[in-house]
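Okay, here's what each chain looks like letter by letter:
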Amino acid sequence: MLQFDLDSLVSATALSRSPGKYLAKCKEKPLLILKNNEVEGVLLSTEAYRELLEAYELVQDMRLAREIFEQPTDNPEGKDVFETMREIDEQKDV
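First, a word on what this report is: a plain description of the structure on this page. (Residues numbered from 1 in each chain as written. Predicted model: local features only at pLDDT ≥ 70, side-chain atom pairs only at ≥ 80, totals over all residues. Heavy atoms only, no water.)

What follows deals with the pairing of strand E2 (residues 31-35). Burial analysis of E2 places 4 of its 5 residues in the buried class, the great majority of the element. Pairing geometry for strand E1 (residues 9-11) and E2, over 3 bridges, is parallel. When the bridges of E2 are listed, Ser11 appears paired with Leu34. Two strands pair when backbone bridges link them, and E2 and strand E3 (residues 38-43) are joined in this way by 5 bridges, in the antiparallel orientation. Pairing of Leu34 across the sheet is with Val39, part of E3. Between E2 and the antiparallel strand that follows it, E3, lie 2 residues; Asn36 among them carries a positive phi value of about 55°. (Buried < 20%, exposed > 50% of the residue type's maximum accessible area, 1.4 Å probe, protein only. Helix = DSSP H or I, 4+ residues; strand = E, 2+ residues; numbered from the N terminus. Pairing = 2+ DSSP bridges.)

The phi dihedral of Asn36 falls on the positive side, at around 55°, and the residue is not glycine. With respect to the helices, strands and loops of the structure, Asn36 is situated in the loop between E2 and E3. Located in the positive-phi region is Asn37, a residue other than glycine, with phi close to 60°. Position of Asn37 relative to the elements: it lies in the loop between E2 and E3.

Counting 7 residues, the largest nonpolar core is built from Val10, Leu15, Tyr22, Cys26, Leu31, Ile33 and Leu43. With residues up to four places along the chain from it excluded, the contact list for Leu43 reads Leu15, Tyr22, Leu23, Cys26, Pro30, Leu31 and Ile33. (Core = buried A, V, L, I, M, F, W, Y, C linked by side-chain atoms within 4.5 Å. Contact = heavy atoms within 4.5 Å.)

Next comes the structure, spelled out in C-alpha cells:
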C-alpha cells in the first residue's frame, strides 16, 4: 500500500513554478498535488503509471475469468475456457 508523508505534498503553484523539480521527485515516489489545501491530483512516474495500468488490466482479466467460471457448466460444444474467452473478446471488438 502506498503511504504518503509531508514530503509527498506539493502545491499546484509550486508545481507550476518548478515542474522539472517535481517531475524528478515523482520518480522516487508519487506526489499529491494540493489546490486550496485539498488533494486535486497525483503526479506519478511513467513506470508507476504503467504498473497501475498493468494491475488494472489484470483485475479486469480476473473479473472476466470469474464471469466465465460462474456461467452454467452446460457445454454441449465441448469448448475449453480459453476458447470461450476468445469468443467473448471477439464479440466485444465487433
